Each structure stands twice: as C-alpha cells, then as structure tokens.
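One-letter residues, chain by chain:
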Amino acid sequence: MKLSDVVSHAGLAFYAEVALVIFAAVFLSVVAYLFIRGSDLQTLAALPLADDVAAKVEVKQS
Amino acid sequence: MESRLDRFTYDDAIVRKFVTATIVWGVVAMLAGLLLATQLAVPQMNLGLPFTSFGRLRPLHTNAAIFAFAGNAIFSAVYYSSQRLLKARMFSDRLSAFHFWGWQAIIVAAAVTLPLGFTQAKEYAELEWPIDIAIAVVWIAFAVNFFGTIAKRRERHLYVALWFYIASIVTVAVLHVFNSMALPAGWLKSYSVYAGVQDAFMQWWYGHNAVAFFLTTPFLGLMYYFLPKAAERPVYSYKLSILHFWSLVFIYIWAGPHHLHYTALPEWASTLGMIFSVMLWMPSWGGMINGLLTLRGAWGKVATDPVLKFFVVGITFYGMSTFEGPLLSIKSVNALAHYTDWIIAHVHSGALGWNGFMTFGMLYWLTPRLFQTSKLWSQRLAAAHFWVGTVGMLLYIVAMYTSGVTQGLMWLAFDKTGRLSYPDFVETVVRIIPMYWVRAVGGALYLTGVLMGSFNIFMTWRSRPKTYEEIIVEAAPLGPDNLPKRAEPTALEKAGVHVFGRKIDYFTEANWHRLWERKPFKFTVWVTIAVLVASGFEVLPTFLIRSNVPSIASVKPYTPLELMGRDIYIAEGCYNCHSQMVRPLRAETERYGEYSKAGEFVYDHPFQWGSRRIGPDLARLGGKYPHLWHVRHMENPRDINPQSIMPTYAWLLSDDIDFSVVQQRVDAMAMLGVPYGDAVLTAEKTAREQASLIAREIEEQRGPAGLGGKQIVALIAYMQRLGVDIRTPVAEPSSPTANANKQGASK
C-alpha cells in the first residue's frame, strides 16, 4: 500500500478548490482591512527618502 | 544622547561590482538573443557548429537574460537599498564577496556547459546538478547575509521594498530546490525525479513563479525604493503597495498551470491556474497605478530626467504585461496563442520593457552616486538610449504579435471542404520570416541602446575620484521594542465589559500588521507558509491522486538505445523548437494525430512537451517517415524541405554514441522506478544490437553505410518510437526490450 493508494481513495480531489477559497478569502480580508482601516502609513512611505540625507555626518577619505 | 549613536559605513564597493556585472552580462545575453533572432531568419547563421546551434544557444540566452542580467541587477538593488533602508552595513563583507564571485562563477559555468549540450532540459532550470547545488549554496549565503543585515538593523520598520526582497529570497529557494530534484547519471548528466505530467507541473510551477519571484517581486522592491528616490517624493499610496505585496504572495503562486492549458494536465489544475491568473490583473494594475501616480506633480521632471523616463516606460510595460498575462491565461485565447510568437512578444515586453528599463533607470540613478561623480557623463546620450531602446522594443513586440497571431490563425484554419488550409507546416513558417527580420532589427536597436548606456556609464566611471570617499553615517541602535500600545481602556471596558471586543478592536486597528512589519522573522515565516501551502495544494494532487494520471497498459519504457537518442534530443535542445503535446483541438488532431494523454508520459524523465512550435509537433512522429528520411533531414533539413529553418545536425552522422554510459543511464532510470526488468543487466548489448539493426535498415533503404555506432541512429530510434505505443495493441513485442516490457506490464 503506497501513500498514493491511500490518498487516492480518501476523496480529497476537491481540496484544491477549498484552498482556493481560503486563499481568496485571506486575500480579500487584507484588501478589506487596508481600505477600511489603513491607519497612518505616511511615515513608513517616507522611509526611503529619510535614509542618507539626514544620516550623513562626515566623510572619510579611504 | 550623542554617545548612543552608532557610526558606520555602507558597503558600496559590492554594489559597484554587481552593477558592472549587470552591464557585462546584459550585453552578452542580448548578443546571444540577436544571434538567435537571425538564426530563425537565416538558418545558415547556426554556423553548422554544435555549440552555436539554436537549440543549445537559446537556453544560454534565457539564462543569461534572467539570472545574469536581471539577477545582478536585483543584487545591485538589494545591496544598495537594503543597507540604507535598514541603516546598517551588510551583515558580512565576506559573504557579500562570496555571493558576488559565486554567482559570476555559476554564470560562467552555464555559459560553458549549455553550448556543450549539458542540460536538464527544463526551461530556465537547464543547468546540470553540480551547478544547481552551487546555486543553492550561493543563494543560502545571500540569504544569510540579507537576513543577518535585517537582524542588526537600526530602523525598526521594514519598508515595503524589503518585504518584496524577503518574499523573493525565500520563494526562489523553495522553487529551485523542488524543481531541480534529479538523479545524477554521471557528472554532468541527470534525470528529473519527476516524470511526464508531474514533471511538467513542477516545471511550470517553477517557471511561472520564477517570473513572479525573480522578475517581478524583486523589481517591485526596486521600484518602490528607487522610484521615490528619483522622484524625490514618497510612493503615492503605501496602502496600495501593501495590497500589491500580499496579492502577489497569495495569488501569483497559483497561476503556473496556465502554461499547460489543453495539455495532458488535469482539467481542474488548468482551470485553477486560469482563475488565479485573471485575479492577478487588478492588484498588478494597482501596483502600476501606484508607481505612475508617485510622479504626480513631478511630470515636468520626467521630461528632463532620463532616470524617470526609463521608470515610466518600465512601469507602463509592467502594466501591459500584467494585463496580457491574464488575457493569455484564458483558455480560449490560449488555444490560439500557445506555442506561437505571441508568447515571445509577451515575455519580451516584460523582459525588455519592465526588467530592462527598470534596470537602466536604476543604473543611471546609481552610477553618479556610486562612482561619486556628481552627474552622469551625458544626459543626452542617456535620453538617446531611452528613445532607441523604446523604438527597438516596440518593433520587436509588434513584429512578434503579428507573427504569433498570423501563425496561430494559420494553424487553426480550415477550408470550405473541412480540411486544414495550411497542412504543410513550413508554409506557416515562411509566412512569418519577414517578421523575424523586423524582430532582429528591433533587437539590434535595443542592444544599440544598451551599448550606448554601457559607454555612458563607462565614461562616468572614468571620471571617478582617485579614491572613493567613505561616508560615515550615524544612527541610533534599536532600543527595546516599543510596541504600539494597546488602546487605553475604553469606556465600555472600564465598565467591565468586553475583553473579546477589545481584541476585535485591536485587530481592526491593524496594529497586528504593523507589528508584523517590525518582526521580520514572523513575517518571513508567514510568507513561506503561504507559499508552501499554496504550492502543496496545487502540486501534490497530481502526485498523490491516481485519477489525475490514468495509466495506459501499452505504454512501455524506452529501449536503452532510444533512451540514448532521447538524451541526444535533450542535449541538442530540440525541445526549444518542437513540442511533443498534441492538444485536443480539431486543428491539431487533424494535423498531428491522436491527442496526447497523461498516461503516455509516465516514463518521460524529464518531460519534453516544449513551449514553442518553431517546428511541428513531434508527439506522433514514430513511423511517419523511413529512417533514411531522418538521416537526410538531420544532415541538412533544406535538402528535404528547401524552406526549412531547422539547423543542420551533420555532426550526428559522424559523432559516436558513447555506449559506455548506456548501462549507467538505464540504471538511473530503473532507480527512478522505470520498469526495465532484466534489460537493466544487458543495456549496452541491447543498445548495440538495436543500433546495428537500424543501421542495416538504413543501408537497405540505400542510405549511407556504417552508421551503426553513430549518434544519428540513436536519435532515429527515439524519433521512431514517439507516439507509437498508444497505437500498439497491448503485450505485442515490438522492440528489443520486449521481455522487459512484459515484465513491466505485468506489475
């Protein structure tokens, strides 16, 4: 008895569809959360602009 | 306070290295592409040499474009932006160096082995097993270096670009490991552990997700970092970028089967792939719009700044390809487009438009900074590159659309009497040759642009200072994590109600997500789980549920000689031009014969379904022509078919079969579960016998004598076997391994 014998008889063929629904649901909840509640994210959006300008302090010749 | 600041430098030397490699390999990849393009217009451009023939060079082109050009571009972006976003030097300079040199060594190994015909024959995963192992090792070094940098970061929040990098690093590792599983049968030879439908499924799960997690997510990371930098304003909507990220992780991973519509893949898998692909359209466009709107109010800059020009067109092409992809994954559209140049148009709008232009936008922004020259050598040359590149790309893509739709329609066309309008395949080839010329011109223009860019960057490099300044940066180390505080107890809670209500509130306040963003480990684990779960649900049923691959009793293993012939077919890369998969469409069964069944491929390690029909399908080739026809056709296809664009394979008539490896190969197949029975003991002898039999038959057909030990005979043995089993009544001995076959069948 191989694993595939067991699985073949377990009637699992529809599982892929179940997973599809789960993934779609999780994804849609991310969408919903973002649009209902996306809290203040502007500081995060500014991260790439903040990096070198403010941080640079001195220059070393190497 | 001051004393608590850390002082450190960024490692830009490593970025300079990756930038140089990007440019060098970009030119190599595109030169190879241009040679291939001309080969399809003028077959003599194959030069009559094994190493320069189309089937061997095409994998070199694709691998160089993806892993060498785009790969080094990704690493440039990751090494430059991660250090700055994390406010930390890379974790280990040694690992950075190991990553860089290791990756270049892998590319060189690819450039040597592929033209020599060492290949696993799975598209974009052709490299043989020792190189595969090297890839895994280098990738792990990269991952350790990257996650190590995250661990010692000085900025708690992970900017969205970093999420894209994380997802890419993790997923590419998973894809590479699972798809490359192979059993070695020599130092540079191996057989995929999967066969037929399962191998195809694995391959396109890999192939598609390589597009997603090698050519899309890292470039989105690049976009979300370098576009705001160049535009000097934050991304239009951070919200949208989060959405963009999760949609790719949750949806993209499912879309692979759209590469296998109407094949012997189970119907459910194909439908699933289609649905998820269509779902991808919206989030992808969300990403495109997000990118373009970041430039709101900065359009004036676009007119003058070549960096932004490249980004705008790059992002627009991202939008085009991500609209076209879902369109192509709709089955009825796919029936027309699959196997044609439409797909080539699609991938090049992605590769040249999105990957290429984003890369050059980034390079033009980076070089003055990396080489500390304050500006690019010539803005005008960069603008010229932009225009030449854009025109070249448009020519390329329009030519391939035209060619693809034309050939697709010709394949499907019936005349009034119900017969195929173009029964002779070569007619459909001749019709598109003019388009191949236009494509070659377009490609040459694009390459010209790239050469202009390389020159510009080279000149910028020449005016670098004698020694690079090292900029010392200061930032505070991460203190104890100040988690976003749970809301002050509300009135309700004060009244003693609702612990549960508070939890819901916590959830909807989205604090959990912000927490995640601060906890890279958790974040990585969840991304990995999402990827693994989706892949498992999609891929495993084809392995574990029998009804997905119904077996066919008359299908037998290849004889040892046929196996050797199949290995030649693989080494020459015939699959780059020929499919072995008749789809259940009337136009195809009329042209090629009975449609292909999943059970026919159970001994095909690896599968050879192909993805583009530059030549006709070969699934039902066995018995169609006498041996001698094949000898003459392989020696020079134009002797038989003056308009053919197939390369000549004259060396197959003079090169010897290496009988000493036959046993080893059959043993490897047997280990993979192919039922060879007793034949496994006498593989070499059986192979020699069958070879002399075929050689004698060729002589009897008044062909050349003395081919008995030559490669052509093995190849012919294989070609004459294709599609034969399904016509054979069960248990009728038809080949030297008949005994073994009987045993196999009785199992």
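Residues numbered from 1 in each chain as written. Chains lettered and ligands numbered in written order. Predicted model: local features only at pLDDT ≥ 70, side-chain atom pairs only at ≥ 80, totals over all residues. Heavy atoms only, no water.

**Topic: the overall build of chain A**
Phase 1: A count of helices and strands for chain A gives four helices and one strand.
Phase 2: In chain A, the succession of α and β elements from N to C terminus is α-α-α-α-β.
Phase 3: Across the 62 residues in chain A, those meeting the buried criterion constitute 31%. (Helix = DSSP H or I, 4+ residues; strand = E, 2+ residues; numbered from the N terminus. Buried < 20%, exposed > 50% of the residue type's maximum accessible area, 1.4 Å probe, protein only.)

**Considering the nonpolar core**
Residue and element names in this part refer to chain B.
Phase 1: Counting 185 residues, the largest nonpolar core has Trp103, Phe226, Tyr238 and Trp246 as its most contacted members.
Phase 2: In terms of residue count, the dominant contributor to this core is helix H2 (residues 54-86) (18 residues).
Phase 3: Core analysis: the second largest hydrophobic core is formed by 48 residues, Val631, Leu652, Ala668 and Leu707 among them. (Core = buried A, V, L, I, M, F, W, Y, C linked by side-chain atoms within 4.5 Å.)

**Overview of the environment of histidine 208 of chain B**
Phase 1: With respect to the helices and strands, the residue histidine 208 of chain B is situated in helix H6 (residues 196-213).
Phase 2: If sequence neighbours within four positions are ignored, histidine 208 of chain B has contacts with Tyr252, Ala255, Gly256, His258 and His259 of chain B. (Contact = heavy atoms within 4.5 Å.)

**Quick look at helix H27 (residues 683-700) of chain B**
Residue and element names in this part refer to chain B.
Phase 1: Here H27 is 18 residues long and its end C-alpha atoms lie 26 Å apart, about the 26 Å a rise of 1.5 Å per residue gives.
Phase 2: Residues of H27 that are buried: Ala683, Thr686, Ala687, Gln690, Ala691, Ile694, Ala695 and Ile698. Each buried residue of H27 lies within a common arc of 165 degrees when the element is viewed along its axis, so the set occupies one face. The exposed residues of H27 that point more than 90 degrees off its buried face are Lys685 and Glu700.
Phase 3: Buried residues in H27 make contact with helix H21 (560-572), helix H23 (627-635), helix H26 (662-671) and helix H28 (711-721). (Expected span 1.5 Å × (residues − 1). Arc of directions from axis to C-beta.)

**Regarding helix H14 (residues 379-412) of chain B**
Phase 1: For H14 of chain B, with 34 residues, the first-to-last C-alpha span of 49 Å sits near the 50 Å given by 1.5 Å per residue.
Phase 2: The backbone nitrogen of arginine 380 of chain B lies 3.3 Å from a side-chain oxygen of the residue at the head of H14 of chain B, namely serine 378 of chain B. (Polar contact = N/O pair within 3.5 Å; in protein donor to acceptor, adjacent residues only side chain to side chain.)

**Section: the packing of helix H13 (residues 341-370) of chain B against helix H16 (residues 433-462) of chain B**
All names here are of chain B.
Phase 1: Viewed as axis vectors pointing N to C, H13 and H16 meet at an angle of 10 degrees, and their least axial separation amounts to 11 Å. Taken together, the axes of H13 and H16 are roughly parallel relative to one another. Between H13, through Asp341, Ile344, Leu352, Gly356, Phe357, Phe360, Leu363, Tyr364, Thr367 and Pro368, and H16, the contact on the second element is made entirely by Tyr436, Arg439, Tyr446, Val450, Gly453, Asn456, Ile457 and Thr460.
Phase 2: Grouping the amino acids of the contact of H13 with H16 by side-chain chemistry returns 11 nonpolar, five polar and two charged. (Axes fitted to C-alpha atoms, helices over the stretch in contact; angles between N-to-C directions. Parallel < 35°, antiparallel > 145°, perpendicular 65-115°, else oblique. Nonpolar A, V, L, I, M, F, W, Y, C, P; charged D, E, K, R; others polar.)

**A closer look at the packing of aromatic side chains**
All names here are of chain B.
Phase 1: On inspection of all chains with the given rule, the structure shows 57 aromatic pairs over all chains.
Phase 2: Measuring from centroid to centroid gives 6.4 Å for phenylalanine 146 and tyrosine 165, while their planes differ by 80 degrees, and the two rings are edge-to-face. Placement of phenylalanine 146 in helix H4 (residues 129-151) and of tyrosine 165 in helix H5 (residues 160-179) is noted, with a sequence separation of 19 residues between them.
Phase 3: Lying over the aromatic face of tyrosine 468, arginine 16 brings its terminal NZ or CZ to 3.7 Å of the ring centre.
Phase 4: Against the face of tyrosine 595 rests lysine 597, its NZ or CZ located 4.0 Å from the ring centre. (Phe/Tyr/Trp six-rings, centres within 6.5 Å; stacked < 30°, edge-to-face > 60°. Lys NZ or Arg CZ within 6 Å of the ring centre and 35° of its normal.)

**Digging into the pattern of salt bridges**
Residues and elements named next belong to chain B.
Phase 1: This structure, assessed with the given rule, holds 24 salt bridges over all chains.
Phase 2: The partner of arginine 613 in a salt bridge is aspartate 617, and the shortest N-O contact between them spans 3.5 Å. Across this residue pair, the class does not change: arginine 613 and aspartate 617 are buried.
Phase 3: Its salt-bridge partner being glutamate 689, residue lysine 685 comes within 3.4 Å of it at the nearest N-O pair. Note that lysine 685 and glutamate 689 are positioned in helix H27 at a spacing of four residues, about one turn of the helix.
Phase 4: Taking relative accessible area as the criterion, lysine 685 reaches 54% and is therefore assigned exposed. (Salt bridge = Lys/Arg side-chain N within 4 Å of Asp/Glu carboxyl O.)

**Looking at the confidence of the model for chain A**
Phase 1: Put simply, chain A has an average pLDDT of 69, and 50% of its residues get 70 or more.
Phase 2: Across chain A, the element-wise mean pLDDT spans from 58 in strand S1 (residues 56-61) of chain A up to 78 in helix H3 (residues 42-45) of chain A. (pLDDT = per-residue confidence, 0-100.)

**Remarks on the side chain of serine 535 of chain B**
Residue and element names in this part refer to chain B.
Phase 1: Mapped onto the elements of the fold, serine 535 is located in helix H20 (residues 520-544).
Phase 2: Within the local environment of serine 535, its side chain forms a polar contact with the side chain of tryptophan 205, the two groups lying 3.0 Å apart.
Phase 3: Ignoring anything within four residues of it in the chain, the contact list for serine 535 reads Trp205, Ile253 and Leu540.

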